[in-house]
Amino acid sequence: QVQLVESGGGLVQAGGSLRLSCAASGRTFSSYAMGWFRQAPGKEREFVAAINWNGRNTYYQDSVKGRFTISRDNAKNTVYLQMNSLKPEDTAVYYCAARLGTTMASRPYEYNYWGQGTQVTVSS
């Protein structure tokens, strides 16, 4: 079992930045690829970014490329999402997810564990 706890969400003006963190329990964090997803009201959960087990490979949704950066610190059992140049359309609940295995994935069903989510609101 892996428990994931997100933090760092909040209210920010357009053009601003936020850094989300996701702390994982357990001793085998490096056995998991990690991902960030988001869900806006009335919309399906969508992929944002993913990172492989050692942090050397990352993958992003096109709309966040160049603005968001995913990273991880296996010594701290934590994955991060640095979000810059935020736009109102980035407003959503952001979830981190863990996928048993070393390779990245972009579909929600490919992930085994989920956090409870953290709200990000970008005002115009």
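Just so you know, these numbers come straight off a predicted model, no measurement behind them.

**Considering the state of the cysteines**
For the structure on display, the rule yields one disulfide. Linked covalently through their sulfurs, Cys22 and Cys96 form a disulfide whose S-S length is 1.9 Å. On the criterion of sequence distance, the pair formed by Cys22 in strand 3 (residues 18-24) and Cys96 in strand 9 (residues 92-100) is long-range, its members being 74 residues apart. Given a relative accessible area of 0%, Cys96 falls into the buried group.

**What to know about the side chain of Glu6**
Take Glu6: it is sitting in strand 1 (residues 4-7). Engagement of the side chain of Glu6 in a polar contact is seen with the backbone nitrogen of Gln116, the distance being 3.0 Å. Of note is the side chain of Glu6, whose polar atom sits 2.9 Å from the backbone nitrogen of Gly117. When near neighbours in sequence (up to four residues on either side) are disregarded, Glu6 contacts Ser21, Cys22, Trp36, Tyr94, Tyr95, Cys96, Gly115, Gln116, Gly117 and Thr118.

**Considerations on the environment of Tyr94**
You can see Tyr94 is positioned in strand 9. Between the C-alpha atom of Tyr94 and that of Val120, which follows or precedes it by 26 residues, the distance is 6.9 Å. Residues contacting Tyr94, with those up to four places away along its chain left out, are Glu6, Leu20, Trp36, Phe37, Arg38, Val48, Phe68, Leu81, Met83, Gly117, Thr118 and Val120. In this structure the side chain of Tyr94 is engaged in a polar contact, spanning 2.9 Å, whose partner is the side chain of Arg38.

Cut-offs used in this document
- Along each chain, residue indices are assigned from 1 in the same order as the chain's sequence is written.
- Owing to the predicted nature of the model, reporting of local features is limited to residues with pLDDT of at least 70; listing and counting of side-chain atom pairs is limited to 80 or more, with chain, interface and lining totals taken over all residues.
- Hydrogens and water are ignored here; the side-chain numbers use all heavy atoms of the structure.
- In this description, the term disulfide denotes a pair of cysteine sulfurs within 2.5 Å.
- A run of H or I in DSSP becomes a helix once it reaches four residues, and a run of E becomes a strand once it reaches two; helices and strands are each numbered from the N terminus.
- Buried means the residue's accessible area, taken with a 1.4 Å probe over protein chains only, is under 20% of the maximum for its type, while exposed means over 50%, and partly exposed covers the values in between.
- Pairs of N or O atoms within 3.5 Å make up the polar contacts considered here, provided that, within protein, one atom can donate a hydrogen while the other can accept it, and that residues adjacent in sequence are counted only when both atoms are side-chain atoms.
- Contacts: residue pairs with any heavy atoms within 4.5 Å of one another.

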